[in-house]
Amino acid sequence: MERRAYPRIGEQVFHTVLENGLHIYVDQRPEFQKSYAFFATNYGGMDMKFHLDGVWQDTPAGVAHFLEHKMFDTEDGNALQDLAANGASPNAFTSSAITGYYFESTEKFEENLKILLSFVSVPYFTQESVDKEQGIIGQEIRMVEDDPDNQVFFSLMECLYDHHPIQVSIAGTQESISHITADTLYACHKAFYCPGNMVLTAAGNVDPEHICAIAREILPGDPGGSIERDYGGAEPEAAARPSKELRMEVSTPIFQLGFKADTAPAGQARLRQRLLGELACEALLGNSSPLYARLYGEGLINNNFSYGFESYPGCAFLCAGGESQDPEAVRAAVLAEADRLCREGVDEDLFRRLKKGVYGAKVRGLNSMENTCIELAQGHFAQFDYLEFPEIFDSIEKPDVEACLRAWVNEARCGLAVVRPKGGAE
Amino acid sequence: MTNATRLELLPGVHLTAVQTKKFKSSALGVQFLLPLSAQDASLNALTPMVLRRGTERCPDMESLSAALDELYGGSLEPVVRKKGETQCVGFVGSFLDDAYTLGGERVLEPAAELLGEVLLRPCTQDGVFRLDYVRQEQANLIDRIRAQVNDKRQYALIRVVAEMCADEPFGVDKLGSEAAAAAITAASLWNAYQEMLRTAPVEFYYCGSAELERVRSALEPVLQALPGGGVRRAPARPQQKSAPAVPRRTEEVLDVTQGKLSMGLRTGGIDVWSGEFPALLLCNALFGGTTTSKLFLNVRERLSLCYYASSQLEKYKGVMLVSSGVEFGKVEQAEAEILAQLEQCRQGSFEDWELESARRSVVSGYRSILDSQGRLEDFWLGQAAAGIDEGPEGLCARLEQVTREQAAAAAQKLSLDTVYFLKGKEA
């Protein structure tokens, strides 16, 4: 295995590619009690249309998430129980871009790893179990529909994007999942759950060579073909619609304000764009920005306010949101502040402090093995090495961040989604 | 191994310090321990939020954030927690560990200085807190109390506790009530703050690479400035009550698509201070605390009655809460099944593998506390508030000894007190 050292952040990662195309990354941390393994496929809620065996497949919304639920079924029972019986805490998640299965355990790591690799790579569904799962996922969809944070986020995606599937709810709808059969699941597993489309990352008190040996022993030898995905072509630069409003059982209006950024590039440039996006957010409306202090002082936002930059294949955006009695006023103030920053530039001293602050927060984020493993996996799919962020940070200058603000933060690229209380006056 | 050291710095003022080099950050915080009460909970909860608005030197959020950014994006969050019937309010800070600074500069000392400043030298107006800060944070607190309804799963738990413990301090929410929050004035808040500084037990916490002596010296100026002259009395242990002969029932209607059923049980006197506590922990894991639990496997997986069904312990009080999300039409069936599963635990009808996986899960949960600065801080705060000095390893050793009879005996002591159901408008 190749050993990569990152002395500035005190980490070392072992990396290799198996004969079947699977990349493995191991971040060794002997001083920790627990160990963590993350096995992910480059397949998420937005991968609905793809090319397989020479034909275009159009699958209903929610298949990736449905698969995630059903993968735990094995011919002998349920892998969740097998892992839990070993004292491991297993779980899985589906995002718009990836599906990840993981566990953490303080004992029997290698035994647990075998279970993880085996249940994720060997599909076992029956029509009966799929029918039963419709009920469980149906309940989850209802829960998501009652969750204002989730609703407001996907509403913002509908504002920003014309056709990109980032706006599709990851779990799908009651209607869309009703079209899912055992055959749909087998077909999607075959397409996306092959070693060449997956990655394994691990951290903790583990032996990298043993991990490779276990992966070789359990996983299939065939890397699988390459998968072409269709996200509906390039998005226009402008937001699809300026705003969307919903009414739900909430106490105060909840909002998400977003700005469509340039489509994320591949490779190390993706990581650079992300750091630029995060710094742009901080300079514009971050906790130490003049605008944040003003909005907070005027009571237009409270400490539920949060913000960030996100990027997925085919799309990237800045977003900020929380609770506000007047989300439109927040939007107007953010646009005016962006205008000012484009004219006057970001304050030198503020920029220096923000860089220090964002850098420190990123280093502290490495405390979490979960976070580190997920970042390594996502970086692998996007073809960048996440742990090189200190070097990229060094190369970012104030004009780079100002250029992002100038290009992205304007009325044409802006969307605002609001969930208002039911029965309240307009 | 946890190298946790607990020192009394002044009467009623303690430092818990965990020395380790495994994290990139160091945690530094201070909490005041107060008796939870309907009258004062909102006042106490508001105090750190107002303190966090500004100090003499950094009078607004912008300058305070700038000071934190200089400390490599350190955080200093106002926190309010409920540990049994003790309300803990203060600040939890996280700072980059000195080993990772760009120029090799020290972060602990300036971080401790900033913590002391936020705690003891607030930005004032006419001898009390600034009125605009109080008004705003008061409005934020009221918003937070109102916003509890937004998270239905959590809301259903808050409601069952409020119903079940209506005449006990434990029934008070950690943020207090909207009415109590609305009644706060700049003067009443200032008085409560002064009283807290003088009389509440103080818990400092540090976790990171610095030597104990260095931590102690860094905190010395804060101790010097802490007002004396009061007696800091350790928190009282909560009263244990028994369940009524017929469980209380309450329903609420909101516009939701999924119902929430929550149930409050009394543990029959077992709490964190009891010898039987490890048996209760195991019993909870077996019943509804894990994905191999009876609730998960039967109520969710086998019968598909709920999207989730789980149980949790309020270990500093002697209460168990069951939480589930169900379709409106299935609530009676779900409740009956939850109780049937409890009966199984009482009768000792569980397989060896069920008991062992429950044990592995609880042991693993406690051992992994050692890997998280946030969880470690929270664990040690709870122990401090309870006056217990056992660390996670000691508890794990006791968990290994629990027999199936002891786990079943803990289940036999559980009794249903209150059932709360949140249903939709159309149901």
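Reference entry: report on the structure contained in this document. Only a predicted model underlies this, so the values are computations on that prediction, with no experimental measurement involved.

**Focus on the overall build of chain B**
Then step 1. When helices and strands are counted, chain B shows 15 helices and 13 strands.
Then step 2. The globule rule puts the C-alpha radius of gyration for 427 residues at 22 Å, and the 23 Å found for chain B is close to it.
Then step 3. By principal-axis analysis of the C-alpha atoms, chain B measures approximately 60 × 45 × 40 Å.
Then step 4. Counting all 427 residues of chain B, 55% fall into the buried class.

**Notes on the overall build of chain A**
Then step 1. Across its full length, chain A carries 15 helices and 17 strands.
Then step 2. Taking 2.2 N^0.38 as the reference for a compact globule, 426 residues should give roughly 22 Å; the C-alpha atoms of chain A span a radius of gyration of 22 Å, in line with that estimate.
Then step 3. Here the C-alpha coordinates of chain A stretch approximately 60 × 50 × 40 Å along the principal axes.
Then step 4. Looking at chain A residue by residue over its 426 residues, the buried ones come to 52%.

**Some details on the environment of A:G345**
Then step 1. As for its placement among the helices and strands, A:G345 is situated in the loop between α11 (327-344) and α12 (348-365).
Then step 2. Considering only alpha carbons, one finds A:G345 and A:G365, 20 residues apart in sequence, at a separation of 29 Å.

**Some words on unusual backbone geometry**
Then step 1. Of note, A:Q383 is a non-glycine position whose phi angle comes to about 65°, a positive value.
Then step 2. Here A:Q383 is to be found in the loop between α13 (369-381) and α14 (389-395).
Then step 3. Positive phi is not limited to glycine here, since B:D126 has a value of about 50°.
Then step 4. Judged by local crowding, B:D126 falls into the exposed class, with 10 C-beta atoms found within 10 Å.

**A word on helix α8 (residues 212-225) of chain B**
Residue and element names in this part refer to chain B.
Then step 1. In this model, α8 (14 residues) spans 20 Å end to end at C-alpha, consistent with the 20 Å of a helix rising 1.5 Å per residue.
Then step 2. Its axis deflected by about 40° at L219, α8 carries its strongest bend there, up to four residues before the proline P221.
Then step 3. Each element contacted by the buried residues of α8 is listed here: β2 (13-19), α3 (108-120) and β8 (202-208).

**Examining the pairing of strand β9 (residues 89-94) of chain A**
Residues and elements named next belong to chain A.
Then step 1. Of the two faces of β9, the one holding P90, A92 and T94 is buried and the one holding S89, N91 and F93 is not buried anywhere.
Then step 2. For β9 and strand β10 (residues 99-105), the ladder comprises six bridges, and the chain directions are antiparallel. Residue pairing for β10: N91 is matched across the bridge by Y102.
Then step 3. Connecting β9 to the antiparallel partner β10 that follows it, the hairpin turn spans four residues.

**Quick word on the interface of chain B and chain A**
Then step 1. In this complex, chain B contributes 49 residues to the contact, which on the side of chain A involves 52 residues.
Then step 2. Among the elements that make up the side of chain B that touches chain A, the one with the highest residue count is helix α12 (residues 352-367) of chain B (seven residues).
Then step 3. Residues belonging to the side of chain B that touches chain A are distributed by class as follows: 16 nonpolar, 20 polar and 13 charged.

**Here's the deal with the sheet that holds β10(A)**
Sheet strands pair via backbone hydrogen bonds, and the direction of the pair is either parallel or antiparallel.
All names here are of chain A.
Then step 1. On the basis of which strands lie adjacent, the open sheet formed by seven strands has the order β1-β2-β3-β11-β4-β10-β9 and mixed pairing. With one partner strand each, in any of the chains shown, β1 (2-6) and β9 form the two edges of the open sheet. Sheet twist, expressed as the mean angle between neighbouring strand axes with direction ignored, is 15°.
Then step 2. One ladder, built from seven bridges, connects strand β4 (residues 35-41) with β10; its direction is antiparallel. When the sheet's bridge partners are listed, Y36 is paired in β10 with E104.

**As for helix α5 (residues 152-164) of chain B**
Residues and elements named next belong to chain B.
Then step 1. Here α5 spans 18 Å end to end across 13 residues, near enough to the 18 Å set by a 1.5 Å rise per residue.
Then step 2. Of the residues making up α5, those classed as buried are K152, Y155, A156, L157, R159, V160, V161 and M164.
Then step 3. Residues of α5 that are buried in the fold lie against β9 (248-253), β10 (259-266), β12 (319-326) and β13 (415-423).

**Considerations on the nonpolar core**
Then step 1. Ranked by size, the top nonpolar core spans 276 residues in total, and within it A:L284, B:L115 and B:L282 carry the most contacts.
Then step 2. With residues near it in sequence (within four places) discarded, A:L284 still touches A:S289, A:L291, A:V334, A:E337, A:A338, A:L341, A:L405 and A:V409.

Cut-offs and rules
Residues numbered from 1 in each chain as written. Chains lettered and ligands numbered in written order. Predicted model: local features only at pLDDT ≥ 70, side-chain atom pairs only at ≥ 80, totals over all residues. Helix = DSSP H or I, 4+ residues; strand = E, 2+ residues; numbered from the N terminus. Rg over C-alpha atoms; globule rule 2.2 N^0.38 Å. Buried ≥ 20, exposed ≤ 12 C-beta atoms within 10 Å, placed from the backbone. Expected span 1.5 Å × (residues − 1). Bend = angle between axes of the 7 residues up to and from the residue. Contact = placed C-beta atoms within 7 Å. Pairing = 2+ DSSP bridges. Nonpolar A, V, L, I, M, F, W, Y, C, P; charged D, E, K, R; others polar. Axes fitted to C-alpha atoms, helices over the stretch in contact; angles between N-to-C directions. Core = buried A, V, L, I, M, F, W, Y, C linked by C-beta atoms within 7 Å.

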